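Secondary and tertiary structure notes
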Amino acid sequence: MTTDGTARIKAEDDTVRFRLAVVDVALRLFAEQGYEATSVDEIAEAAGISRRTFFRQFRSKEDVIFADHEAQLAAAGEYLAESDEDPWDAVCSAVVQVFERFTQWRDIAARRYRVVRRAPALREREIVTVFRYERLFTDFLRQRLPETSDLARVQFTAAVTATHNYLLRRMVRGESDAGAADLRVELAAIPRGTARTGSDEMVLAVFPRDLPPRRVADLLQHRLGNL
């Protein structure tokens, strides 16, 4: 690797660490004071940065909660772009890497889970974020496996993402010690390249249990319209 390449990677790592430090501070404040009651100025002051610096890194107070997802999506996209694995396996490997990074940031993931559960607007943003992972994986499979049924690709990425999220939520709630190896086992059991056809076609979607039914219907309509 060239010196320029090494410097670029270090700069990116430093940016990720800086953003995660601000995320950590913000989540602590949200947990203590409530999301709505906490201002951007309070986050910036507690993080030791200016308001201007905050907005150079984050577009809004809401963005700071999901900032680590941006890093995760970027890392997963880079991995898939460079992977020479079987495409189905590559998606699973990318998902496992996402899970491993979240286990490294377990405290942040756990605090975000508690904050998001108390703010309906944030739960909706979380659903949109899950869709972004699914779309990343589905677009990758469309590129690498153009002859495969699109429904099979969508079903696979929905199941992979749902499996990851199920184990992650159990981990952050303290209900399970499942690790990356357990996730690999579960992902390996998901069918690849097959889909039901005809009148029994199925698309899998996962939503928070307490999301209002009307909002679920709206999100499903939006999601199905973008397949």
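Read on for an overview of the structure. (Residues numbered from 1 in each chain as written. Predicted model: local features only at pLDDT ≥ 70, side-chain atom pairs only at ≥ 80, totals over all residues. Heavy atoms only, no water.)

Another aspect to go through is the overall build of the protein chain. Looking only at helices and strands, one finds 11 helices and zero strands in the protein chain. Mapped from its N terminus to its C terminus, the protein chain presents α and β elements in the order α-α-α-α-α-α-α-α-α-α-α. Among the 227 residues that make up the protein chain, the fraction classed as buried is 45%. When the accessible surface of the protein chain is totalled, it reaches about 12200 Å², and 50% of it is carbon and sulfur. (Helix = DSSP H or I, 4+ residues; strand = E, 2+ residues; numbered from the N terminus. Buried < 20%, exposed > 50% of the residue type's maximum accessible area, 1.4 Å probe, protein only. Areas by Shrake-Rupley, 256 points an atom, 1.4 Å probe, with all protein chains shown as cover.)

Moving on, we come to the packing of helix α6 (residues 87–104) against helix α7 (residues 106–117). Interhelical geometry of α6 versus α7 gives an angle of 90° and a closest axis separation of 4 Å. By the angle between their axes, α6 is roughly perpendicular relative to α7. Between α6 and α7, the residues in contact are Phe 102, Thr 103 and Gln 104 and Arg 106, Ala 109 and Arg 112, respectively. Of the residues belonging to the contact of α6 with α7, the class tally is two nonpolar, two polar and two charged. (Axes fitted to C-alpha atoms, helices over the stretch in contact; angles between N-to-C directions. Parallel < 35°, antiparallel > 145°, perpendicular 65-115°, else oblique. Contact = heavy atoms within 4.5 Å. Nonpolar A, V, L, I, M, F, W, Y, C, P; charged D, E, K, R; others polar.)

Turning our attention to empty space enclosed by the protein. All chains considered together, the criterion is met by five cavities of 30 Å³ or more. Reported here for the largest cavity is a volume of approximately 280 Å³. Residue lining of the largest cavity: 18 residues in total, with His 69, Phe 102, Glu 126, Asn 165 and Leu 168 positioned closest to the centre. Elements represented by at least two residues in the lining of the largest cavity include exactly α6, α7, α8 (120–144) and α9 (150–172). In terms of residue count, the dominant contributor to the lining of the largest cavity is α9 (six residues). (1 Å grid on protein atoms, 1.4 Å probe; cavity = no way out; pocket = protein on both sides within 12 Å on 5 of 7 lines; lining within 4 Å. Points joined across faces, edges and corners; volume = space filled by probe spheres on them.)

As a further point, take the nonpolar core. Membership of the largest hydrophobic core comes to 58 residues, with the highest contact counts inside it found for Phe 30, Val 64 and Ile 65. Looking at which element gives the most residues to this core, the answer is α6, with 10 residues. Excluding anything up to four places from it in sequence, Ile 65 contacts Val 23, Leu 27, Phe 30, Tyr 35, Arg 112, Val 115, Val 116 and Leu 122. (Core = buried A, V, L, I, M, F, W, Y, C linked by side-chain atoms within 4.5 Å.)

With respect to the helices and strands, the residue Thr 138 is situated in helix α8. Thr 138 sits in the buried class, given a relative accessible area of 2%. Setting aside its immediate chain neighbours within four residues, Thr 138 contacts Arg 153, Val 154 and Thr 157.

The next point concerns the environment of Tyr 79. Mapped onto the elements, Tyr 79 comes out in helix α5 (residues 67–82). Each C-alpha atom of the pair Tyr 79 and Ala 94 lies 6.7 Å from the other, and the pair is 15 residues apart in sequence. Every residue in contact with Tyr 79, bar those within four places of it in the chain, is listed here: Glu 85, Ala 90, Ser 93, Ala 94 and Gln 97. For Tyr 79, the side chain forms a polar contact with the side chain of Glu 85, separated by 2.3 Å. (Polar contact = N/O pair within 3.5 Å; in protein donor to acceptor, adjacent residues only side chain to side chain.)

So, on to the pattern of salt bridges. In this structure the tally under the stated criterion is 16 salt bridges. In this structure, the salt-bridge partner of Arg 112 is Asp 68, at a minimum N-O distance of 2.4 Å. With a gap of 44 residues between them, Arg 112 in helix α7 and Asp 68 in helix α5 connect regions that are remote in the sequence. Asp 68 matches Arg 112 in its accessibility class, with the two residues each being buried. Across the pair Arg 153 and Asp 150 runs a salt bridge whose closest N-O atoms are separated by 2.8 Å. You can see Arg 153 and its partner Asp 150 sitting in helix α9, three residues apart, about one turn around the helix. Owing to a relative accessible area of 29%, Asp 150 belongs among the partly exposed residues under this scheme. Counted as one network, the salt bridges with shared partners bring together Arg 59, Glu 62, Asp 63 and Arg 125. (Salt bridge = Lys/Arg side-chain N within 4 Å of Asp/Glu carboxyl O.)

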